[in-house]
Amino acid sequence: GESVGLHLPTLSVQEGDNSIINCAYSNSASDYFIWYKQESGKGPQFIIDIRSNMDKRQGQRVTVLLNKTVKHLSLQIAATQPGDSAVYFCAENGITGNQFYFGTGTSLTVIP
Amino acid sequence: EADIYQTPRYLVIGTGKKITLECSQTMGHDKMYWYQQDPGMELHLIHYSYGVNSTEKGDLSSESTVSRIRTEHFPLTLESARPSHTSQYLCASSEFDRGVGGYTFGSGTRLTVV
């Protein structure tokens, strides 16, 4: 079938290293953001979220940073493991807040 | 356990056939969505619904149609499948209210039209 959109950027990291995945969002009115992880053959799964009144939020081995000034999100994964290999999408809630808008996504490969 | 289910998981079908991709959720979510995703590519919203009898087209033009007769069910139909419809179709639901929540995605239906 005809492909739509862009091919995903890729990131390769060594097992045990930290990973940083970046995302630029488009709408300055967005006030809620989510990172999703999509493993091969599966639907995206929620990883971590952050509201615009925060700059940083930590989960288990993951940290999300939000820079509203430059409309930038990053996802940091500590001590990356082979099971972290997946495509990672950021999502913003946009103007209405009724639906999410997904970023391009980044394909993370962890090298054992 | 509350979840969202898509069937079939894989479908290979001939050109011109009518197909319906099923999506059901047990979470009582009002909002449901269909996304199209080619392998290694972005997610594109093709349809959404904010409740029973509410359906809207998404950002990506699609020849498919949807219906929302029951809260838990949001099927997607292609009246006449073509090879250009070959893709993965992801269904999602949300209890999303501005500030909280997110999408729960199904596992997807990978459609191949030959």
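Residues numbered from 1 in each chain as written. Chains lettered and ligands numbered in written order. Predicted model: local features only at pLDDT ≥ 70, side-chain atom pairs only at ≥ 80, totals over all residues. Heavy atoms only, no water.

Looking at the side chain of Ser-62 of chain B
Residues and elements named next belong to chain B.
Item 1. Tracing the backbone shows Ser-62 in the loop between strand E6 (54-57) and strand E7 (65-66).
Item 2. Assessed through its relative accessible area of 18%, Ser-62 is described here as buried.
Item 3. At 2.6 Å, the side chain of Ser-62 forms a polar contact with the side chain of Ser-64.
Item 4. When near neighbours in sequence (up to four residues on either side) are disregarded, Ser-62 contacts Ile-46, His-47 and Lys-57. (Helix = DSSP H or I, 4+ residues; strand = E, 2+ residues; numbered from the N terminus. Buried < 20%, exposed > 50% of the residue type's maximum accessible area, 1.4 Å probe, protein only. Polar contact = N/O pair within 3.5 Å; in protein donor to acceptor, adjacent residues only side chain to side chain. Contact = heavy atoms within 4.5 Å.)

Examining the pattern of salt bridges
Item 1. As enumerated under the stated definition, the model contains seven salt bridges over all chains in all.
Item 2. Arg-70 of chain B is paired through a salt bridge with Glu-72 of chain B; the nearest N and O atoms lie 3.1 Å apart. (Salt bridge = Lys/Arg side-chain N within 4 Å of Asp/Glu carboxyl O.)

A look at the sheet that holds strand E8 (residues 76-78) of chain B
Residue and element names in this part refer to chain B.
Item 1. A sheet is described by the order of its strands in space; here four strands give the open sequence E1-E3-E8-E7, paired in antiparallel fashion. Looking along the sheet, the strands with just one partner apiece sit at the ends: strand E1 (4-7) and E7.
Item 2. In this structure, E1 lies alongside strand E3 (residues 19-25), joined through four bridges in antiparallel fashion. Bridge pairing links Gln-6 to Cys-23 in E3. (Pairing = 2+ DSSP bridges.)

Describing the state of the cysteines
Item 1. Scanning the model with the defined rule gives two disulfides over all chains in all.
Item 2. In this model Cys-23 of chain A forms its disulfide with Cys-90 of chain A; the gap between the sulfur atoms is 1.6 Å. Of this pair, Cys-23 of chain A sits in strand E2 (residues 19-24) while Cys-90 of chain A sits in strand E8 (residues 86-92), and the two are 67 residues apart along the sequence.
Item 3. What makes Cys-23 of chain A buried here is its relative accessible area of 7%.
Item 4. Through a disulfide, Cys-23 of chain B is tied to Cys-91 of chain B; the S-S separation comes to 1.9 Å. The S-S bond linking Cys-23 of chain B to Cys-91 of chain B shows a torsion near -75°; that makes this disulfide left-handed. Of this pair, Cys-23 of chain B sits in strand E3 while Cys-91 of chain B sits in strand E9 (residues 87-94), and the two are 68 residues apart along the sequence. (Disulfide = S-S within 2.5 Å.)

Notes on the layout of surface pockets
Item 1. Within this model, the largest pocket holds a volume of roughly 260 Å³.
Item 2. If you trace the largest pocket, you find 14 residues lining it, with Asp-3, Ile-4, Phe-105, Gly-106 and Ser-107 of chain B closest to the centre.
Item 3. Those elements that provide at least two residues to the lining of the largest pocket are strand E4 (45-51) of chain A together with E1 and strand E10 (103-105) of chain B.
Item 4. Of the residues contributing to the lining of the largest pocket, the split by class is six nonpolar, six polar and two charged. (1 Å grid on protein atoms, 1.4 Å probe; cavity = no way out; pocket = protein on both sides within 12 Å on 5 of 7 lines; lining within 4 Å. Points joined across faces, edges and corners; volume = space filled by probe spheres on them. Nonpolar A, V, L, I, M, F, W, Y, C, P; charged D, E, K, R; others polar.)

Things to note about the sheet that holds E2 of chain A
Residue and element names in this part refer to chain A.
Item 1. Taken in spatial order, the four strands line up as E2-E7-E6-E5 in an open sheet, and their pairing is antiparallel. Of all strands in the sheet, those with a lone pairing partner are E2 and strand E5 (56-58), marking the two edges. Shown here is a sheet whose adjacent strand axes are inclined to one another by a mean of 15°, direction ignored.
Item 2. Bridge count between E5 and strand E6 (residues 62-67): three bridges; the pairing is antiparallel. Its bridge partner being in E6, Arg-57 is matched across the sheet by Val-64. (Axes fitted to C-alpha atoms, helices over the stretch in contact; angles between N-to-C directions.)

Quick word on the environment of Lys-37 of chain A
All names here are of chain A.
Item 1. Considering the arrangement of structural elements, one finds Lys-37 in strand E3 (residues 32-38).
Item 2. Those residues in contact with Lys-37, other than ones at most four positions away along the chain, are Gly-43, Pro-44, Gln-45, Ile-47, Gly-83, Asp-84, Ala-86, Val-87 and Tyr-88.
Item 3. For Lys-37, the side chain forms a polar contact with the main-chain oxygen of Gly-83, separated by 2.8 Å.

With respect to the confidence of the model for chain A
Caution applies to low-pLDDT parts of the model: their predicted coordinates are not meant to be read in detail.
Item 1. Residues at a pLDDT of 70 or more form 92% of chain A, whose mean pLDDT is 89.
Item 2. Overall, residues 1-5 of chain A carries pLDDT values under 50, and its contacts beyond four positions in sequence, including any with other chains, amount to 14 contacts. (pLDDT = per-residue confidence, 0-100.)

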